[in-house]
Amino acid sequence: GRGLAIYKVGASPYWQCRMRVRSKHGYLCQSTKETTRIEARKVAEELYASVLQHHVVPEVRKELTFDYFADKHIRKQYELAKRGVRSLQLAKGDEWIINNETAGLLKYFGGRDITQLRTKDVNAYLEFVKETRAEPFAFTTYSNRISCLRKVLKVARDEGVIDTVPDTPRPPKKDNPRPFFRFAPLVSAKEDEYQKVLETAKQMAQEKVQVRWIPVTLELYDLILFLMHTFVRPTVSELYSLRHRDVTVATDPKRLILTIRQGKTGHRVTNTLEAAVSVYERCRKRYPTMTPDDYVFLPHYPNRSTARNIIGRQFQALLKRVNIQRSNHAVIHSLYSIRHTALCMRLIKSKGEVNIYNLAKSAGTSTEQLERFYLRNLPLSAELA
């Protein structure tokens, strides 16, 4: 019958029976204590009937199942991404969390009546996720799964199927320090890692170093400076999607006004430091035939992920050459370290006078993030004291 099977293993002379139990979202296995196949089938049928009596689950209407609302949420996310309201990456991420075969939401809640889900079920799911691997997951893993689960439940709430979304637990969070390159006055001029990165970028361009047959040019040097003085994220949705029509050169004070259309925190207009203007002027001269729709960096690569990967590999080759591949917290450096360095340097070199609200707004982050990841890890200067 469906959901019932008998089988043998080499270590036992008896037939075993395997019974599908919906309430347990899995199988129960038990020995029939029979050595003949005919008798084992009879015993298996009796055992299965007994198990179903104790684990009976009423049939759930399709429009009340978790699966039904999970599918609705996925379609809603893709529709919002199509209209530019949500990030496509977020939609893909939620779809993966829901359908993941190892520890996805459907793996645990599939077929369940969404009106019967309670906080204890969410806790049980988190325990289930923990058991899928030996090493503990990062906080973000649990947070993303709980967030996606709440979104599915909110779809059911908005349609009037449930009255409220059950309380969901918040796993303990451990903040990882953001890696940045040490700079003066935190260290001596001789130990200034940021200046070493800049100097090495120039040297590699002058020596025409090739990384995977693509030569390193001064564009890498300018890209590092641009990140440093604009605070943008080195991602496809921010830095590599920036076009010339998104950049305005302003005066009084001299600066760039950047329009970040689909950044991590959504659409924003940000002001840069003055030094970003000269970097941008060099970018325009580098590609004299550019149009307003051309990208600022590596415009001849229409696939922006390819442009990101090229710069990323060149930057890693630079770090290997200068022998600064990890921060003093043993965290691996990447181009993101330039953004973190920019925020730290702005906080330190302003001598306590920078407005952290304006800084957070320009960087597309929050004052809470600045306090959690930057201010608390920086030494207290005399001006701040």
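From a predicted model like this one, the values you see are computed outputs, not experimental measurements. (Residues numbered from 1 in each chain as written. Predicted model: local features only at pLDDT ≥ 70, side-chain atom pairs only at ≥ 80, totals over all residues. Heavy atoms only, no water.)

Draft legend 1. Up close: the sheet that holds strand 2 (residues 16-21). Sheet architecture is open: 3 strands sit in the order 1-2-3, paired in antiparallel fashion. Edge strands, defined here as strands with exactly one partner in the open sheet, are strand 1 (4-7) and strand 3 (26-31). Between one strand axis and the next, the sheet turns by 25° as a mean value, whatever way the strands run. Direction of pairing for strand 1 relative to strand 2: antiparallel, over a ladder of 4 bridges. Bridge assignment links alanine 5 to a residue of strand 2, and that residue is arginine 18. (Pairing = 2+ DSSP bridges. Helix = DSSP H or I, 4+ residues; strand = E, 2+ residues; numbered from the N terminus. Axes fitted to C-alpha atoms, helices over the stretch in contact; angles between N-to-C directions.)

Draft legend 2. Up close: the packing of aromatic side chains. Across all of its chains, the model carries 10 aromatic pairs by this definition. Between the aromatic rings of phenylalanine 109 and tyrosine 125, the centroid separation amounts to 5.3 Å while the plane-to-plane angle is 45°, which identifies the pairing as tilted. You can see phenylalanine 109 sitting in helix 4 (residues 105-109) and its partner tyrosine 125 sitting in helix 5 (residues 119-130), a full 16 residues away along the chain. Summarising the aromatic geometry, the rings of phenylalanine 226 and phenylalanine 297 are spaced 5.3 Å apart at their centres and angled 70° between planes, so their arrangement reads as edge-to-face. Of the two residues, phenylalanine 226 sits in helix 8 (residues 218-230) while phenylalanine 297 sits in the loop between helix 9 (275-286) and helix 10 (304-322), which places them 71 residues apart along the sequence. Both residues of the pair, phenylalanine 226 and phenylalanine 297, count as buried. Every member of this aromatic cluster is reached through a ring pair, and the members are Phe66, Tyr108, Phe109, Tyr125 and Phe128. Sitting over the face of the ring of tyrosine 27, arginine 20 holds its NZ or CZ atom 5.4 Å from the ring centroid. It is arginine 304 that lies over the ring of tyrosine 295; its NZ or CZ is 3.9 Å from the centre. (Phe/Tyr/Trp six-rings, centres within 6.5 Å; stacked < 30°, edge-to-face > 60°. Buried < 20%, exposed > 50% of the residue type's maximum accessible area, 1.4 Å probe, protein only. Lys NZ or Arg CZ within 6 Å of the ring centre and 35° of its normal.)

Draft legend 3. Examining the packing of helix 7 (residues 193-206) against helix 10 more closely. It is at 10 Å that the axes of helix 7 and helix 10 come closest, and there the two elements cross at 110°. Looking at the two axes, helix 7 sits roughly perpendicular to helix 10. Note on packing geometry: the crossing formed by helix 7 with helix 10 is right-handed. Listed contacts from helix 10 to Lys196, Val197, Thr200, Ala201, Gln203 and Met204 of helix 7 are Gln314, Phe315, Ala317, Leu318, Leu319, Arg321 and Val322. Residues of the contact of helix 7 with helix 10, tallied by class, amount to 8 nonpolar, 3 polar and 2 charged. (Parallel < 35°, antiparallel > 145°, perpendicular 65-115°, else oblique. Left-handed = near helix turned anticlockwise from the far one by under 90°. Contact = heavy atoms within 4.5 Å. Nonpolar A, V, L, I, M, F, W, Y, C, P; charged D, E, K, R; others polar.)

Draft legend 4. Representation of helix 2 (residues 66-82). Compared with the 24 Å implied by 1.5 Å per residue over 17 residues, the 25 Å span of helix 2 between its first and last C-alpha is a close match. Those residues of helix 2 not exposed but buried are Phe66, Phe69, Ala70, His73, Ile74, Gln77, Leu80 and Ala81. Seen along its axis, helix 2 keeps its buried residues to an arc of 145°; they face one direction. Of the surrounding secondary structure, the elements contacted by the buried residues of helix 2 are helix 3 (88-99), helix 4 and helix 6 (139-158). Looking one or two places after helix 2, you find glycine 84, whose phi comes out positive at around 85°. (Expected span 1.5 Å × (residues − 1). Arc of directions from axis to C-beta.)

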